[in-house]
Amino acid sequence: MGRKRKGRDISGWLVVDKPAGMSSAAVVNKVRWALDAKKAGHAGTLDPEATGVLAIALGEATKTVPYITDALKAYRFVVRLGQATNTDDAEGEIIAETDLRPSDEAIKDALGQFIGDIQQVPPQFSAVKIDGERAYKRARDGEEMELAARPLWVEELILTDRPDADHVELEMTCGKGGYVRSIARDLGEALGCKAHVSHLRRIWSGPFQAENGVTLEQIEAAAKTPDLDARILPLETGLDDLPMLACSAEAAARIRNGNPGMVLPSNDVEYGDEAWAAHEGQAIAVGVFRAGELHPTRVFNQ
C-alpha cells in the first residue's frame with residue numbers, strides 16, 4: 001500500500017506570475033508548501049528564465065489541466081538579431097553571428113510565414129523525448145539531434161516594438177506545444193541574420209492573465225494564511241472553454257457515480273459535444289452530451 005500523501009484537500013486554481021530564474025516545478029512545490037495542498041500541478045511549462053502566467057491546479061482542478069494546456073495562449077518576447085545560440089535563447093553559447101540587421105518592413109513580411117498551421121522543429125535543448133531520453137540531456141553531452149517537426153497553430157504574430165537595431169519585440173498567440181525559441185531561431189534564418197530569444201513572458205493562457213497573477217513574494221508573505229486561500233480561483237475556471245449544462249440533485253448523484261445523468265438542454269450543445277455538468281453552480285463532471293444526458297468522462301469530488 002502506498003504512503004498517504006499529507007496536506008489539505010483543497011481544489012481550485014492559483015495563477016502565479018512566475019519570476020525568472022525558477023523552474024515551473026519549483027514554483028509548483030512552493031505553492032504546494034504555501035497552501036499545504038495535498039495535490040498540485042501546472043498547466044504548461046515555462047522555461048526557467050521565462051516569466052508570466054503559470055496556472056497551478058490544486059486538488060480536483062488537476063483533472064481540468066488538459067483544457068488549459070489545449071487553450072490558446074499569448075507570449076510577449078524580445079528577439080536578439082544577429083546571433084544564434086545553441087539553446088535558441090540568451091542562456092546558451094553563441095554559435096553564429098552576422099552584421100545584417102533587417103528593416104522593420106522586412107521583419108513584418110517574414111512574420112507571415114509563421115502564421116496559421118505551421119510545422120516547427122523543437123529546440124535542441126527541449127524536453128522532447130528521443131528514444132525515452134530528454135533532448136536537453138543529450139544536447140548537454142554535445143550530441144546534435146535530428147528532431148522531427150511538429151504541428152503548431154499560430155493565430156497571431158506581430159511586431160510591437162523595435163527598441164534598437166539589434167532587438168525586436170513580438171507578440172504571439174498560439175495553440176498547444178509552441179516553442180517561442182524556435183520561432184525566434186527560424187525567423188533569424190528566414191531573414192538571413194540569425195536570432196535568439198533574449199526575453200520571454202507569457203501574458204495569458206486560456207482564462208488566466210499575468211496581470212492577475214500572484215507573485216512569489218506575495219505567496220511567501222501570505223503562506224499558510226487565509227489571505228492566500230482567498231486568491232484561489234474555482235475549479236470551474238479551468239472549464240471556461242466548455243459549455244455548461246445544469247442538472248438536478250438526482251442527476252448529479254448519478255453522474256458522480258460515473259453513470260449518465262439528465263441535464264437541461266442548451267442551444268450551445270449538440271449531440272456528441274463535450275460539456276460539463278453543474279448542480280447549483282458547482283462542477284460535477286466533464287463528459288459527452290448524448291440524447292439529453294451527460295455521459296461522464298471526468299468526475300469531480302468537490
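Residues numbered from 1 in each chain as written. Predicted model: local features only at pLDDT ≥ 70, side-chain atom pairs only at ≥ 80, totals over all residues. Heavy atoms only, no water.

A. Quick look at the sheet that holds strand 15 (residues 261-262). Strand order across the open sheet formed by five strands is 14-16-17-18-15, with mixed pairing between neighbours. In this open sheet, the two edge strands, each paired with only one partner strand, are strand 14 (244-246) and strand 15. Pairing analysis gives six bridges linking strand 17 (residues 282-290) to strand 18 (residues 293-299), with the strands arranged antiparallel. What sits directly across from G287, in strand 18, is P296. Sitting on the sheet, helix 8 (residues 249-256) is in contact with strand 15, strand 16 (274-279), strand 17 and strand 18, with an inclination near 80° to strand 17. (Pairing = 2+ DSSP bridges. Helix = DSSP H or I, 4+ residues; strand = E, 2+ residues; numbered from the N terminus. Contact = heavy atoms within 4.5 Å. Axes fitted to C-alpha atoms, helices over the stretch in contact; angles between N-to-C directions.)

B. Fine view of helix 5 (residues 180-191). Compared with the 16 Å implied by 1.5 Å per residue over 12 residues, the 17 Å span of helix 5 between its first and last C-alpha is a close match. The buried fraction of helix 5 is high, at nine of 12 residues. Those residues of helix 5 that are buried are in contact with strand 4 (73-81), helix 3 (104-111), strand 7 (116-120), strand 10 (150-164), strand 11 (167-174) and strand 12 (195-205). Backbone geometry just after helix 5 places G192 at a positive phi near 75°. (Expected span 1.5 Å × (residues − 1). Buried < 20%, exposed > 50% of the residue type's maximum accessible area, 1.4 Å probe, protein only.)

C. Quick peek at the nonpolar core. By size, the foremost hydrophobic cluster in this structure holds 28 residues, and its most contacted members are Y75, F77, V79, L157, L170 and M172. Core analysis: the second largest hydrophobic core is formed by 21 residues, M22, I56, V214 and I232 among them. (Core = buried A, V, L, I, M, F, W, Y, C linked by side-chain atoms within 4.5 Å.)

D. Geometry of the side chain of T62. Along the chain, the position of T62 falls in the loop between strand 3 (51-58) and helix 2 (65-69). Classification of T62 by relative accessible area gives buried; the value is 17%. Side-chain polar atoms of T62 contact the backbone oxygen of G59, separated by 2.7 Å. (Polar contact = N/O pair within 3.5 Å; in protein donor to acceptor, adjacent residues only side chain to side chain.)

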